Amino acid sequence: MMIYSNGKVAGIFFFIAASQFILGLIVAEALYPGYSISANYISDLGVGPSSTIFNVSIFLVGFLSIIGAYFLHRTFHDWTITLLLTIAALAAMNVGIFTENSEPMHTIASVLVFFFGGLSAIVSYRVLKSPFSIIAITLGLVSLFASIFFIGKFYLGIGVGGMERMIAYPILIWMIGVGGFLIAFSEES
């Protein structure tokens, strides 16, 4: 039986968490008649005909990320990144529980997952090696700047859904990247 280090286990959980959500998002979008990635919010998928797929998938991204954060902490002993990731993960789980029909809880959870997800990517530079640490900071900043545009209703021609994806996708890309980094990371456990 293969025993993996804490870092590799964290990486596996982050990689699976983000990958399954991206795939769930694609399936939910495809099964929602008339859904527009430009005109619709991501969370519209949580109340439409593909709501079960979306809500389970976003709950799982949060749940698996909490497990990943635990193993990440066991690897690097960095409370800041652990706390930021855990808040983002709990918020993601709540987006799946409190759909957009459950205001204000849904909006609060969405803001928290986007904000703390972006911060997590930025702060992760502390445990990553260059050049990926620079990429992580950049992805976090893209997400946070897109949040500012989103809040200000400056959609830059890509619509509300497009701008919301400019917040979410950099976080998901970062999660997959950091997952791969940790899986490849050689550590003593």
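Everything in this summary refers to the structure shown in the same document. A quick note: this is a predicted structure, and the numbers were derived from the prediction, not measured. (Residues numbered from 1 in each chain as written. Predicted model: local features only at pLDDT ≥ 70, side-chain atom pairs only at ≥ 80, totals over all residues. Heavy atoms only, no water.)

### Digging into the overall build of the chain
Consideration 1: Broken down by element type, the chain carries six helices and zero strands.
Consideration 2: Ordered by position from N to C terminus, the α and β elements of the chain give α-α-α-α-α-α.
Consideration 3: In summary, the chain has a C-alpha radius of gyration of 16 Å against a globular reference of 16 Å for 189 residues, a match within 12%.
Consideration 4: Each principal axis of the C-alpha distribution contributes one length, and for the chain these read about 50 × 35 × 25 Å. (Helix = DSSP H or I, 4+ residues; strand = E, 2+ residues; numbered from the N terminus. Rg over C-alpha atoms; globule rule 2.2 N^0.38 Å.)

### Describing the packing of helix H2 (residues 51-76) against helix H3 (residues 79-97)
Consideration 1: Closest axis-to-axis distance for the H2/H3 pair is 7 Å, and the angle between their directions is 165 degrees. One way to sum up the angle between H2 and H3 is to call them roughly antiparallel. When you trace H2 past H3, the crossing you get is left-handed. In contact with Asn55, Ile58, Phe59, Val61, Gly62, Phe63, Ser65, Ile66, Ala69, Leu72 and His73 of H2, H3 contributes Trp79, Ile81, Thr82, Leu85, Thr86, Ala89, Leu90, Ala92, Met93, Val95, Gly96 and Ile97.
Consideration 2: When grouped by side-chain class, the residues that make up the contact of H2 with H3 number 16 nonpolar, seven polar and no charged. (Axes fitted to C-alpha atoms, helices over the stretch in contact; angles between N-to-C directions. Parallel < 35°, antiparallel > 145°, perpendicular 65-115°, else oblique. Left-handed = near helix turned anticlockwise from the far one by under 90°. Contact = heavy atoms within 4.5 Å. Nonpolar A, V, L, I, M, F, W, Y, C, P; charged D, E, K, R; others polar.)

### Concerning H3
Consideration 1: With 19 residues, H3 ought to run about 27 Å at 1.5 Å a step, and its terminal C-alpha atoms sit 27 Å apart, in line with that.
Consideration 2: Taken together, the buried positions of H3 are occupied by Ile81, Thr82, Leu84, Leu85, Ala88, Ala89, Ala91, Ala92, Met93, Val95 and Gly96.
Consideration 3: Buried residues belonging to H3 abut helix H1 (6-30), H2, helix H4 (105-123) and helix H6 (159-184).
Consideration 4: Measuring from the side-chain oxygen of the N-cap residue of H3 to the backbone nitrogen of Thr80 gives 3.0 Å; that N-cap residue is Asp78. (Expected span 1.5 Å × (residues − 1). Buried < 20%, exposed > 50% of the residue type's maximum accessible area, 1.4 Å probe, protein only. Polar contact = N/O pair within 3.5 Å; in protein donor to acceptor, adjacent residues only side chain to side chain.)

### A word on H4
Consideration 1: For H4, built from 19 residues, the straight-helix expectation of 27 Å at 1.5 Å per residue is met to within 8% by its first-to-last C-alpha distance of 26 Å.
Consideration 2: All buried positions along H4 are accounted for by His106, Ala109, Ser110, Val113, Phe114, Phe116, Gly117, Gly118, Ser120, Ala121, Ile122 and Val123.
Consideration 3: Packing partners of the buried residues in H4 comprise H3, helix H5 (132-151) and H6.

### A few points about the environment of Trp79
Consideration 1: Here Trp79 shows up in helix H3.
Consideration 2: Distance from Trp79 to Ala69, taken between C-alpha atoms, is 9.9 Å for residues 10 residues apart in sequence.

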